[in-house]
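Each chain, written out:
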Amino acid sequence: MALVFSDADVSPWPGAFGGPLGYGFIDEKNNKRDGFAGGWLGIGLDEYGNFSKEGGSSNQGKRLQQSVTIRGSGKERSGYRYLTGTCSDASRDRTCLSPAVNNTKDANYLYEITYDSRDPSQALVSVRRDTGSGFVTLVEPFDVLRQTGQAPLPEKFMISLTGSTGASHNIHELDNIEVCALESSSVGTLVDHFELVHGGQGLTCSPEQVTIRACANKACTELITEPVTVHLSLDNNGAAGQWVGGADVTFTGGSVTVDLRGNKPGNVTIGVASSEPGTKPYSETLCRAAGGSPSADSCTLTFADSGFVVEIPDGYANEPLSGLLKAVKKDDTSQRCVPGFANVTKNVALSSRYVLPNENTFGNQVSINGSVVGSSPVTLPLQFNAQGEAPLAVRYPDAGQVQVSARYDGTGVESGLEMESQEGDGIFVTRPVGLCITTEDEGVCEAGDVSCNIFRKAGEAFPMTIRAMAWEKVGDNDICSGNGTTPNFEMANIELGSEVVAPQGGVNAGVELKSYHHQRAAGSLQRMDQSLDDVGVFRLTATPKETYFGYTIDPAHSEPVGRIVPWDFALSEAELNSTCANFVYMSQPFNSAFILSARNKMGGVTYNYRDEFAKSDITLVAANQKSGEDLSERIAMSPSDQWAAGLYQVKREDGEKLLLNTRFDRGDAPEDPLIALEFGLRIDDRDGGLSQLVDLDMNPALTGDCVERDACDAKLLGQYELRYGRLKVATEQGVDSEPLALKQEVEFYRGDWQLNELDYCTSLDLSGYEFSDPEQSYQAASQSLTFTNGSIGIGLGNNAPGASLAQVAAGLTRLHLGAPKQPLRVPYKVDLSQQPDQPLWLSDPDTLEGVAIFGNSRGNDRIIYRRESFR
């Protein structure tokens, strides 16, 4: 058995059974027992001898039977060292006392154990025994305080007796126990047990509240309301736990709430190590977790790992973004770190990294709350609200996917606390607010109409730049002015195009460069050559066809660009057509048919060359046989039309009728035929000659071939022989008993007047003849000429009797009059304006009048002699 001196503030609880005699401990693989709770000194009266061999951190290692052995202070499974004993030789197993420790006969042995601490610097202990012949000293006085590992003197001792056997059984009987002390007190009111109430699980980022209840009864329905002081125990198990404010707590009223921290994830075991008043023997601290039933197992609670959730919304580059840093449980972010992170300022280390692209070689960095935060952590004071959330004012001036991370290392009561944001948190995307397209300064057409200066010809290349721009302000209508750029932005397959500004209702111009890949570059500057294949004023466009991290970048439009003019003009389908083949009379209208195309560099039509943008003048020119004499002034009628969709089309026919749109006037005097009169087109673009008619092959003012001399200024339409012509009608005389035929001849001048045998086209109609005798009248219905006392048939044609309408053959037709059977004089005149086609080009006042004379007549006083001449 053993006599135990223990700390009166610690509830007495026996140690291990067997050799330790209820005072020492056992620390074997499958058998672990703590030593006497609060044990300070254990004096063993040991029959079997194992009290010296086991039970402490320092042992004799031998079995000393029938001995008195003294062990020192300890806690749980540490200490309780062997101090001294009655065996002077402890090198072997042996029996130490004779007589033995106890007497099984009638007379008992009396033991006297003395503890003397009147001098605070020492604690002397000695053991004497009286076996019937007086007291004999078994253990000489020695200073316990000077022994290795001995704990300081407690304020008060509690004396206990323990006994234990191992595998065998024994009987221990004591009587005549006396305790003599200078100062002693009764045990008084004892706490039945302590009950600790907690939430079941804590977070490393926030203290867990623990309520201590001093129970007056087993059911803890009654509490000790007098002052109670406890010393709380804590087994960290690596959780870096600690009692906030310390482990010593004094309270009244039966309960108090304290804070427990576990700054690292893991389990902690809590308890009451000692108390004043103490607890009843065999008292066990119980715990109640999350409203459950009290148990010793519930005294172990888990502190779950905590960290940060970083929430930053996506936005535009350089746009202020409102983020949040939330202190939460790592595996359940709905659990907040409160009250640990509620309404407090914490110094949190923030850092950032580039995700995609994974670098930024242009020096653009994230800023948070006004401070630059790069790859190296920057510690900032963050104000957390009642929900454990801290606002973050984030700005990233570039484009891309970026991650912000947070870390907190606790100090003081939070020492050991490590909180980090989770791996996928804090990732956000900033994108360009748009693309900015610019050209050379002279390319900007502010008016957006035809008044702008010429910028380029259709299809001609010009430099163009595109930049991805950052946000500057709300309602920004001009991102190209004042905004920063996003040099880290990259995107493939951005489609390029145009939108027509003028002419109104025009078509969009095609572009040579259809798309481009926006690459990372300083200033986000992308240089390229572009061209527009049509005429007018346009906005250049850039339309991303892919998304940027799921976001659509709006199509970009430049300022109006222009004016674009045709690259050149081309003549096609040119032809000259007349009512007669092979020749045309001077002043006779004929047909010029052709198509002029306003073209781009690639030869395509510029559809917007129309209306006010079609500024060109088109002139018809003429010259005969490359003589060098410009006859263009004699062109009295030129074909005219309007540009439509880039084409100037002059047609051959209007319906089924030849469209007569060109006329080369004759002079006042007859002239020889122009054997090969060439007609051509000359174009003045009225833009300084920038746009020229291609394949020029004519110059009316130049003698010879202009092509060889590179001196052409017009394009040949075709050529005709032009003749100076007239209609000559005859005066004839015949007998009144026979019909009379008068020649109607179409002549041309070639040195003198000659019958135009090429003319098979001129038509004459009797309705265009005037019969000047007032007593004579042409009756169209009966095709007859009436006179005072009769009528005769009348007709036109090379064969009698003719018809009212006739066409010359080889330049000749005849006017046929029937026999009047009486003398008759019929004067007549051809009114060309009343003839088919109104052939005024055949006018000659001296040859358009004639007389048909039948029988005896004085004739014309101006005619001296007349005879017929046949050909």
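Worth saying up front: this structure is predicted, and the values here are computed from it rather than measured. (Residues numbered from 1 in each chain as written. Predicted model: local features only at pLDDT ≥ 70, side-chain atom pairs only at ≥ 80, totals over all residues. Heavy atoms only, no water.)

K.L.:
An account of unusual backbone geometry is requested, with residue identities and associated values reported.
P.N.:
Cis geometry marks the peptide bond from Ala502 to Pro503; its omega dihedral reads 5 degrees. Mapped onto the elements, Pro503 comes out in the loop between strand S40 (491–502) and strand S41 (515–518). Omega for the bond connecting Ala800 with Pro801 falls within 30 degrees of zero, at 5 degrees, which places this linkage in the cis form. With respect to the helices and strands, the residue Pro801 is situated in the loop between strand S65 (790–796) and strand S66 (805–807). With a phi angle near 55 degrees, Glu573 is a residue other than glycine that sits in the positive phi range. Here Glu573 is to be found in strand S45 (residues 568–577). One non-glycine residue, Lys821, adopts positive backbone phi at about 65 degrees. (Helix = DSSP H or I, 4+ residues; strand = E, 2+ residues; numbered from the N terminus.)

K.L.:
Report on the side chain of Ser352, specifying residues and quantitative values.
P.N.:
Secondary-structure assignment places Ser352 in strand S29 (residues 344–356). Within the structure, Ser352 has its side chain in polar contact with the backbone oxygen of Val373 (distance 2.7 Å). (Polar contact = N/O pair within 3.5 Å; in protein donor to acceptor, adjacent residues only side chain to side chain.)

K.L.:
Can you lay out the pattern of salt bridges for me, pointing to particular residues and giving the numbers?
P.N.:
Two side chains carrying opposite charge are able to pair once their charged atoms lie near each other. As enumerated under the stated definition, the model contains 39 salt bridges in all. A salt bridge links Arg77 to Asp27; its shortest N-O distance comes to 3.7 Å. Taken together, the positions of Arg77 in the loop between strand S7 (74–75) and strand S8 (78–79) and Asp27 in strand S2 (residues 26–28) put the pair 50 residues apart, joining distant regions of the chain. In this structure, the salt-bridge partner of Asp192 is Lys280, at a minimum N-O distance of 3.5 Å. Of this pair, Asp192 sits in the loop between strand S14 (157–162) and strand S15 (193–198) while Lys280 is found in the loop between strand S22 (266–276) and strand S23 (286–289), placing the two residues 88 residues apart along the sequence. For Asp192, a relative accessible area of 16% corresponds to the buried category. Lys280 gets classed as partly exposed once you look at its relative accessible area, which sits at 35%. (Salt bridge = Lys/Arg side-chain N within 4 Å of Asp/Glu carboxyl O. Buried < 20%, exposed > 50% of the residue type's maximum accessible area, 1.4 Å probe, protein only.)

K.L.:
For the environment of Ser58, give the residues involved together with the corresponding values.
P.N.:
Looking at the element boundaries, Ser58 is found in the loop between strand S4 (39–46) and strand S5 (64–65). For the pair formed by Ser58 and Thr279, sequence separation is 221 residues and the distance between their alpha carbons is 30 Å. In contact with Ser58, not counting residues within four places along its chain, are Arg71, Tyr80, Arg81 and Tyr82. (Contact = heavy atoms within 4.5 Å.)

K.L.:
An account of the nonpolar core is requested, with residue identities and associated values reported.
P.N.:
Counting residues in each nonpolar core, the largest one holds 35 residues, and the members touching the most others are Phe594, Leu596, Trp643, Phe664, Leu677, Phe679 and Leu722. With five residues, strand S54 (residues 674–684) is the largest single contributor of residues to this core. Those residues in contact with Leu677 that lie beyond four places of it in its chain are Ala622, Ala623, Asn624, Leu631, Phe664, Gly718, Gln719, Tyr720 and Leu722. Residues Leu740, Ala806, Leu842 and Ala852 belong to the second largest nonpolar core, which totals 33 residues. (Core = buried A, V, L, I, M, F, W, Y, C linked by side-chain atoms within 4.5 Å.)

K.L.:
Could you give an account of the packing of aromatic side chains, naming the residues involved and the relevant values?
P.N.:
Applying the stated rule across the entire model yields 30 aromatic pairs. Ring pairing ties together the aromatic residues Phe569, Phe594, Tyr609, Trp643 and Tyr648, which thus form one cluster. Above the face of the Trp567 ring, Lys457 is positioned so that its terminal group lies 4.3 Å from the ring centre. (Phe/Tyr/Trp six-rings, centres within 6.5 Å; stacked < 30°, edge-to-face > 60°. Lys NZ or Arg CZ within 6 Å of the ring centre and 35° of its normal.)

K.L.:
Break down the state of the cysteines for me, citing the residues and quoting the values.
P.N.:
Taken as a whole and judged by the stated rule, the model has eight disulfides. Two residues share a disulfide in this structure: Cys287 and Cys299, whose sulfurs sit 2.0 Å from each other. Across the disulfide from Cys287 to Cys299, rotation about the S-S bond amounts to roughly 95 degrees, and the bridge is consequently right-handed. Of this pair, Cys287 sits in strand S23 while Cys299 sits in the loop between S23 and strand S24 (300–304), placing them 12 residues apart in sequence. (Disulfide = S-S within 2.5 Å.)

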